[in-house]
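# A closer look at the structure
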Amino acid sequence: MKNFFKLSLIALLMIALVSFAGCATKVEPKAEAPKAETPKEEPKEEVVYKVGTEPTFPPFEMTNDKNEIIGFDIDLIRAIAEDQGFKVEIQQLGFDGLVLAVQSGNISIAASGMSITPERQEQVDFSEPYIDAGLAIAVAGNNEIIKGEADLKGKSVAVQIGTTGAKKAEELKNAGIIKSIKSIPTVDVVMMELMNGGVDAVINDLPVTEAYIAKQPGKIKIVGDVLESDSYGFAVRKGNTELLEKINTGLKNVVENGKYTEIQKKYFGE
Ligand code: GLN
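These lines cover the structure that appears in this document, whether it is placed above or below. Remember, predicted model here, so these are calculated numbers, not experimental data.

### Regarding the pairing of strand β9 (residues 180-184)
- Bridge count between strand β8 (residues 156-160) and β9: five bridges; the pairing is parallel. Within β9, the residue paired with Val159 across the bridge is Ser183.
- The parallel pair β8 and β9 is bridged by helix α5 (residues 164-174), and the resulting crossover is right-handed.

### Quick notes on the site of the ligand
- Taken together, Phe57, Phe95, Ser112, Gly113, Met114, Ser115, Arg120, Gln160, Thr163, Thr164, Asp205 and Tyr232 form the complete shell of residues around the ligand.
- One nitrogen or oxygen atom from the main chain of Thr164 is found 2.7 Å from an oxygen atom belonging to the ligand.
- The protein chains hide 100% of the 290 Å² of surface that the ligand would expose on its own.

### What to know about unusual backbone geometry
- In this structure, the amide linkage connecting Pro58 to the following residue, Pro59, adopts the cis form with an omega of 0 degrees.
- Along the polypeptide, Pro59 turns up in the loop between β1 (48-53) and β2 (62-63).
- Positive phi, close to 65 degrees, is recorded for Asn67, a residue that is not glycine.
- With respect to the helices and strands, Asn67 occurs in the loop between β2 and β3 (69-70).

### A look at the sheet that holds strand β7 (residues 131-140)
- Taken in spatial order, the five strands of this open sheet run β9-β8-β10-β7-β11, and their pairing is mixed. The open sheet is flanked by β9 and β11 (220-232), the only strands paired with a single partner. Pairwise comparison of adjacent strand axes, ignoring direction, gives a mean angle of 20 degrees for this sheet.
- As defined by bridge partners, β7 adjoins β11 across nine bridges and the pair is classed as antiparallel. Looking at β11, one finds that Ile137 is bridged to Val223.

### Description of the sheet that holds strand β4 (residues 87-92)
- Here five strands make up an open sheet; going across it, the order is β4-β1-β5-β12-β6 and the pairing mixed. The open sheet has two free edges, formed respectively by β4 and β6 (124-126), since each of these has just one partner strand.
- The strands touched by helix α8 (residues 241-256) within the sheet are β1, β5 (109-110), β6 and β12 (235-237), with β12 carrying the most contacts at an inclination of about 160 degrees.

### Observations regarding the side chain of Gln160
- Residue position: Gln160 is located in strand β8.
- Separated by 2.8 Å, the side chains of Gln160 and Glu54 make a polar contact.
- With near-sequence residues (within four places) excluded, Gln160 lies in contact with Glu54, Thr56, Phe57, Phe95, Ala166, Ile184, Pro185, Thr186, Val187 and Val190.

### A short note on the pattern of salt bridges
- Applying the stated criterion across every chain yields a total of eleven salt bridges.
- Close ionic contact of Glu119 with Lys167 constitutes a salt bridge, the shortest N to O distance being 3.0 Å. With a gap of 48 residues between them, Glu119 in helix α4 (residues 118-121) and Lys167 in helix α5 connect regions that are remote in the sequence.
- Among the charged side chains, a salt-bridge network with shared partners connects Glu119, Lys167 and Glu171.

### Let's talk about the packing of aromatic side chains
- This structure, assessed with the given rule, holds eleven aromatic pairs.
- Judged by centre distance (5.6 Å) and plane angle (75 degrees), the ring pair of Phe72 and Phe268 falls under edge-to-face. Within this pair, whereas Phe72 is found in helix α2 (residues 72-84), its partner Phe268 is found in helix α9 (residues 259-268), the two being separated by 196 residues in sequence.
- Residue Phe268 is classed as partly exposed on the basis of its relative accessible area of 35%.
- Here the aromatic residues Phe57, Phe60, Phe72, Tyr130, Tyr232, Phe234, Tyr260 and Phe268 are joined through ring pairs into a cluster of three or more.

What counts and how
Residues numbered from 1 in each chain as written. Predicted model: local features only at pLDDT ≥ 70, side-chain atom pairs only at ≥ 80, totals over all residues. Heavy atoms only, no water. Pairing = 2+ DSSP bridges. Helix = DSSP H or I, 4+ residues; strand = E, 2+ residues; numbered from the N terminus. Right-handed = clockwise from strand over helix to strand, strands pointing away. Near = heavy atom within 4 Å. Polar contact = N/O pair within 3.5 Å; in protein donor to acceptor, adjacent residues only side chain to side chain. Areas by Shrake-Rupley, 256 points an atom, 1.4 Å probe, with all protein chains shown as cover. Axes fitted to C-alpha atoms, helices over the stretch in contact; angles between N-to-C directions. Contact = heavy atoms within 4.5 Å. Salt bridge = Lys/Arg side-chain N within 4 Å of Asp/Glu carboxyl O. Phe/Tyr/Trp six-rings, centres within 6.5 Å; stacked < 30°, edge-to-face > 60°. Buried < 20%, exposed > 50% of the residue type's maximum accessible area, 1.4 Å probe, protein only.

Here it is, written out as structure tokens:
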């Protein structure tokens, strides 16, 4: 009798379990169905990051005859994006507004020949450096007086607002060397000012000044030594480690797979 009760109890328990399981299998597919079908109906959403740049900075960023923004930085960030599976949307901004645009989230990345400096590192996070540059003094092609930094005594200098060149000029002015500074929003106008005799010299990034010289042979020349060496990095909002890691991994990959060299050759020659 005892055994009969025991067996009945087990049987009952088993029936209960089976019917419970039965219920569960009936309910589950209904609950899961919408989740499972979603990816089939909607294509996976693509992440698009806004990239800000100031395009009077050849060969890093410039406009072509169709008014499209092209250049070394643009190709490089596109290659990184492709490697990491995101899209970029290039947006033109004033150079001196880029850091603020990154901080406020108006853009996600600044790709604009931006030198990695301790001051900027307090405001934004930088990728690993992607190219080396530095500052140089340029004068008009026929200027035989200014041959280096010391000859800037009492002279006027044009710079692009918010740049390392502007900061250097400020230092030389405070040291009583440069007499006056003309701060201009874009580098094309900075160079125009020099060619028109509006200023005695320009302090700007060496590779960019070289690009302007190549376009206007004989009208501008570089004098003296490189004033300061630095490296460019892509800037993102402070603490955006997710994006920063994508950029750094992508950069490493495009260096390793030869894409970086390809872009470098395209904009700087062999
Ligand atoms: N490399 C310089 C800087 O970071 C100039 C950059 C630029 O004018 N685009 O200030």
